[in-house]
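Report on the structure
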Amino acid sequence: MKAMEVRLNVNGEAKQWTIAPGDLLLDVLRREGYFGVKRGCEAGECGACTVLLDGKPINSCLMFAAQAEGADVLTIEGVAHGSTLHPLQEAFLDHGAVQCGFCTPAMILNAKALLDRKPHPSEEEVREALAGTYCRCTGFRKPVEAVLAAAGAKR
Ligand code: FES
Ligand code: FES
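Residues numbered from 1 in each chain as written. Chains lettered and ligands numbered in written order. Predicted model: local features only at pLDDT ≥ 70, side-chain atom pairs only at ≥ 80, totals over all residues. Heavy atoms only, no water.

**Considerations on the domain arrangement of the protein chain**
- Per the domain assignment, the segments of the protein chain are domain 1 (4–78) and domain 2 (87–150).
- Here the C-alpha centre of domain 2 lies 21 Å away from the C-alpha centre of domain 1.
- Each partner contributes to the interface: domain 1 provides 15 residues, whereas domain 2 provides 13 residues.
- Here domain 1 and domain 2 share an interface that buries about 1,100 Å² over both sides, 69% of which is from carbon and sulfur atoms.
- In this structure, the connection of domain 1 to domain 2 is made through zero salt bridges.
- Connecting domain 1 to domain 2 are two residue pairs in polar contact (both at pLDDT 80 or more).
- A per-element tally of the side of domain 1 that touches domain 2 places strand E3 (residues 50–53) first, with three residues.
- Class assignment of the residues belonging to the side of domain 1 that touches domain 2 gives a composition of seven nonpolar, five polar and three charged. (Domains from an automatic or database assignment. Contact = heavy atoms within 4.5 Å. Buried area = accessible area lost by both parts, 1.4 Å probe. Salt bridge = Lys/Arg side-chain N within 4 Å of Asp/Glu carboxyl O. Polar contact = N/O pair within 3.5 Å; in protein donor to acceptor, adjacent residues only side chain to side chain. Helix = DSSP H or I, 4+ residues; strand = E, 2+ residues; numbered from the N terminus. Nonpolar A, V, L, I, M, F, W, Y, C, P; charged D, E, K, R; others polar.)

**Quick look at helix H5 (residues 141–150)**
- Within the sequence span of H5, burial applies to Pro143, Val144, Ala146, Val147 and Leu148.
- Where the residues of H5 are buried, they touch helix H2 (87–94), helix H3 (104–117) and helix H4 (123–130).
- Positive backbone phi, at 75°, marks glycine 152, one or two positions downstream of H5. (Buried < 20%, exposed > 50% of the residue type's maximum accessible area, 1.4 Å probe, protein only.)

Set out below in structure tokens:
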């Protein structure tokens, strides 16, 4: 297959990568070392591969890397500022909401997209934002509490 170039910003850094036209964004990100983007179902069902594309959560397993030309991509690696964690990450730690490496990055990115759009969401809105991340291990109570705490919401 013919190679092509894609230019995009990942976590605030300009990147130019050689890809095949059929490469998935998920595969290219992991190939480039963004291992916080997880490969789960590869069918748009589990949400483990979530990244923010121009601020909106998308399943990177359903998108060709070529379609990200010119976009701003945020992965979990770019959420903290150096050694300073994002308030959502602090809240997840404080509330015992860090569950596993597959669902937690996606939950934090989905929560970030929500809080960026709506700084003080209702519990219902938080639950809706996290619903695209599949987990039948522990439930969503602690992550929901963490997101509400990060939003400064009174319970
Ligand atoms: S790996 Fe993309 S939604 Fe499951
Ligand atoms: S998928 Fe991470 S705890 Fe269930």
